[in-house]
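# A look at the structure
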Amino acid sequence: MRNDDAAKGHWNKRLSSFQKLIFIKAFHEEKVVFALTDFVTENLGKMFVENPPTDLATLFQDMSNTVPLVFVLSTGSDPMGAFMRFAREKGCSDRVQAISLGQGQGPIAEKLIVNGTKTGDWVFLQVRITRVYSSLCDTPPPHTDR
């Protein structure tokens with residue numbers, strides 16, 4: 001735990017890091033994200049909470065017209081600037097099609113993707129993962145016979 005969030009008194013010594021996490025979940029829910037980050041760092045290592053540096057040039061080598069590059073971003077992240085700089089470096093900025101999904105933009109995005117696979121245009125889709133996650137959670141799991 002961070003020093004300013006450390007449990008006061010003897011609790012800091014008596015509780016395990018997991019017990020502290022449960023305590024924070026119960027009484028200080030607004031601090032759970034920070035406490036969970038500290039818990040993972042303490043128990044698994046810093047590499048599990050830090051974003052690796054992104055090198056678009058390396059990632060570009062694995063892409064094709066049928067193999068997309070997908071970023072799952074946290075709130076406040078915006079790779080558009082770096083993406084457009086990379087497109088300019090590759091001489092492809094005039095071939096970038098960008099669209100923000102939502103409010104009926106799905107069919108337009110689908111056309112851009114289909115066209116992009118044929119022409120080599122780059123399609124940059126922006127979507128809030130919470131919207132995708134919510135729709136996945138609302139979908140019942142498929143029925144399986146065992």
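Here is a short report on the structure shown in this document. These numbers come from a predicted model, not from an experiment. Within any chain, residue numbers begin from 1 and follow the written order of that chain's sequence. Residue-level local features of this predicted model are given only where pLDDT is at least 70; pairs of side-chain atoms are given and counted only at 80 or more, and the full residue set underlies all totals for whole chains, interfaces and linings. As a rule here, side-chain values come from all non-hydrogen atoms in the structure, and water together with hydrogens is ignored.

To continue, consider the pattern of salt bridges. Pairing between side chains becomes possible if they bear opposite charge and their charged atoms approach one another. Salt bridge, as applied in this entry: a Lys or Arg side-chain nitrogen positioned within 4 Å of an Asp or Glu carboxyl oxygen. Taken as a whole and assessed by the stated rule, the structure comprises three salt bridges. As a salt-bridge pair, K25 and E29 come within 3.0 Å of each other at their nearest N and O atoms. On the basis of relative accessible area, K25 is assigned to the partly exposed category, the value being 43%. K46 serves as the salt-bridge partner of E50, at 3.9 Å between the closest nitrogen and oxygen. Relative accessibility thresholds used throughout: buried, under 20% of the residue-type maximum; exposed, over 50%; partly exposed, between the two (1.4 Å probe, protein chains only). With a relative accessible area of 45%, E50 lands in the partly exposed category.

The next subject is the environment of N43. In this description a helix means any DSSP run of H or I spanning at least four residues, a strand means any run of E spanning at least two, and both kinds are numbered starting from the N terminus. Tracing the sequence through the fold places N43 in helix α3 (residues 32–43). Assessed through its relative accessible area of 41%, N43 is described here as partly exposed. C-alpha separation for the pair N43 and F18, spaced 25 residues apart in sequence, amounts to 9.6 Å.

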